[in-house]
Amino acid sequence: MKLSVIGCGYLGAVHAAAMASIGHSVVGIDVDADKIALLNSGRAPFFEPGLSDLLEAAIASGNLTFSTDFADAAGAEAHFIAVGTPQSKDGLSADLRYVHSAVDALLPYVAPGDVVVGKSTVPVGTAEVLAERINPAGAFLAWNPEFLREGFAVEDTLRPDRLVYGVGEGAERAESVLDAVYHVALDAQTPKIIAGYATSELVKVSANAFLATKISFINAMAEIAEVTGADVVKLADAIGMDARIGRRFLNAGVGFGGGCLPKDIRAFRARAEELGVGHSVRFLEEIDAINLRRRDRVVDLTTTLLDGDVTGRKVAVLGLAFKPNSDDVRDSPAVDIASRLAALGADVVATDPEAIGNARRREPDLVFGTLEEALTDADIVLLLTEWKDFTGIDPAWAASLVKTPIIIDGRNALPHTEWIDALWEYHGLGRR
Ligand SMILES: NC(=O)c1ccc[n+]([C@@H]2O[C@H](COP(=O)([O-])OP(=O)(O)OC[C@H]3O[C@@H](n4cnc5c(N)ncnc54)[C@H](O)[C@@H]3O)[C@@H](O)[C@H]2O)c1
Ligand SMILES: O=c1ccn([C@@H]2O[C@H](COP(=O)(O)OP(=O)(O)O[C@H]3O[C@H](CO)[C@@H](O)[C@H](O)[C@H]3O)[C@@H](O)[C@H]2O)c(=O)[nH]1
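Residues numbered from 1 in each chain as written. Chains lettered and ligands numbered in written order. Predicted model: local features only at pLDDT ≥ 70, side-chain atom pairs only at ≥ 80, totals over all residues.

### Examining helix α12 (residues 283-305)
Helix length check: α12 (23 residues) gives 33 Å between terminal C-alpha atoms against 33 Å at 1.5 Å per residue, within 8%. What α12 keeps buried is the set Leu284, Ile287, Asp288, Ile290, Asn291, Arg294, Arg297, Val298 and Thr302. Following α12 by one or two positions, Asp307 adopts a phi angle in the positive range, close to 60 degrees. (Helix = DSSP H or I, 4+ residues; strand = E, 2+ residues; numbered from the N terminus. Expected span 1.5 Å × (residues − 1). Buried ≥ 20, exposed ≤ 12 C-beta atoms within 10 Å, placed from the backbone.)

### Quick notes on the sheet that holds strand β14 (residues 425-428)
The strand order across the open sheet formed by six strands is β11-β10-β9-β12-β13-β14, and the pairing between neighbours is parallel. The open sheet has two edge strands with one neighbour each: β11 (367-368) and β14. Alignment of strand β12 (residues 380-383) against strand β13 (residues 406-409), held across three bridges, turns out to be parallel. Directly across from Leu382, in β13, lies its bridge partner Ile408. Lying on the sheet, helix α13 (residues 333-343) is in contact with β9 (314-318), β10 (347-351) and β12; it crosses β10 at an angle near 160 degrees. (Pairing = 2+ DSSP bridges. Contact = placed C-beta atoms within 7 Å. Axes fitted to C-alpha atoms, helices over the stretch in contact; angles between N-to-C directions.)

### Comments concerning the pairing of strand β4 (residues 78-81)
Residue alternation in β4 divides its side chains into two sets, Ala78 and Phe80 and His79 and Ile81, and both sets are buried. Sheet analysis places strand β1 (residues 2-6) next to β4, joined by four bridges and oriented parallel. In the sheet register, Ser4 faces β4, and the bridge partner there is His79. Pairing analysis gives four bridges linking β4 to strand β5 (residues 115-118), with the strands arranged parallel. Residue pairing across strands places Phe80 opposite Val117, the latter belonging to β5. In terms of handedness, the path from β4 via helix α4 (residues 97-106) over to β5 forms a crossover that is right-handed. (Right-handed = clockwise from strand over helix to strand, strands pointing away.)

### A look at the UniProt feature "domain: UDP-glucose/GDP-mannose dehydrogenase C-terminal" (unreviewed entry) in the protein
The feature "domain: UDP-glucose/GDP-mannose dehydrogenase C-terminal" (unreviewed entry), as annotated in UniProt, sits at residues 316-416 in this numbering. In this annotation, residues 316-416 is assigned 35% helix and 18% strand; the end-to-end C-alpha distance for the span is 18 Å. (UniProt positions renumbered as here; feature names shortened; annotations may be inferred.)

### Considerations on the packing of helix α1 (residues 12-21) against helix α3 (residues 51-61)
Running from amino to carboxyl end, α1 crosses α3 at an angle of 50 degrees, the nearest separation of the two axes being 9 Å. By the criterion of interaxial angle, the relationship of α1 to α3 is oblique. Crossing geometry of α1 relative to α3 is assigned as left-handed. Contacts from Ala13, Val14, Ala17, Ala18, Ala20 and Ser21 in α1 reach Leu51, Leu54, Leu55, Ala57 and Ala58 in α3. Taken together, the residues that form the contact of α1 with α3 break down as 10 nonpolar, one polar and no charged. (Parallel < 35°, antiparallel > 145°, perpendicular 65-115°, else oblique. Left-handed = near helix turned anticlockwise from the far one by under 90°. Nonpolar A, V, L, I, M, F, W, Y, C, P; charged D, E, K, R; others polar.)

Okay, structure coming up:
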């Protein structure tokens, strides 16, 4: 089956390569000519485990091409929309301009019977508006939200835990086209939920709202633990043993960042206000506030541990990506904390296995270095992204490099007894 994927970022490039790897003939289209040139040469424009191999193999097989020309989408039966929906510059809402311009550019090449498939995360009500523009061409719209996690994007795309088809006019055609697209996952008994547009759009944003809520819940418990002497990690272990609660997404620390959770909960609030039901998700304001307070906590704790003044003190920041196994620094707690400490006068040296390039583009004045450069003569060390490269550090080796062995484990990810045994002053978040 021939497919087009419009927008080749973290979502679209992986989707295009994964669909080509299961035998579809895929063209990925993006307005960013540099990205398209890289992709066409078989190189991933960002770090995502497994993506380079998938791209290389799919391009070599002839199943995958990339283009900046929307005319190349002609002849595809399904056109996936995977462009960005970032937070608006002037508010909380999602900026839908890329979705609309992608649909504008695609429409001349859409044939009757084609299915345009929305994958971008959008405010509820968007699909209905887009369908009104697509249906007159004799084509149909499906809303097929994506749940992949960065760092596991290839695996999640090839083996999703569920498929959601939001359908409207032309529902039968949309379902049969999507079934053909996802035949491998469906053959593996992946559950499929068919719903209307509004439900499928809401499934996506409510899933992210729930995940954000779970993280902020445990971070709120961390705040309580910090004033009572409780240990939030043990608390999470204990409540997580209740199958109704579950241990996943109960890792307290510097909180959530990235290109999804923060902007999605804000856009959800904005959309609910527009719909006159702002009160229903007003709690997300608190979820956001708890999350951002964790960053303040690390800045304040660093200052306290450096006797109230960070000026001229060397701070080693381990981690810049919003999570391990990604180079994505969008709304990254680590970049935020590093920048704030640098702005307060600290001599910050930040390191990351993959994200220095992206962090430097965002914060050109920050100082970046290798792990060894960051640690050497540091007055304090902050672990802000739990890459294996950092959680596996030998604490005795690190102690031999720093000036003062003080560490804030912003992800509660280190084997803390080993660090304490190696004579580090260890500070977790929400634990002693
Ligand atoms: N990143 C994820 O893990 C993930 C997972 C699920 C859903 N999503 C959603 O998917 C969407 C894309 O996210 P992303 O992280 O891939 O963003 P991204 O910024 O990495 O990629 C977006 C791409 O769209 C391209 N683009 C912009 N306007 C275009 C146009 N008119 N025509 C063609 N291409 C255009 C950009 O050049 C860019 O390459 C968002 O709505 C996001 O919320 C992302
Ligand atoms: O217990 C936890 C789990 C995660 N995080 C943080 O939460 C953020 C988001 O993590 P994760 O959800 O794993 O990463 P994303 O790749 O942003 O994926 C989320 O956002 C995507 C885009 O919408 C969705 O597709 C995914 O299902 C959803 O998990 C990261 O900063 C993590 O460090 C925590 O602080 N504690």
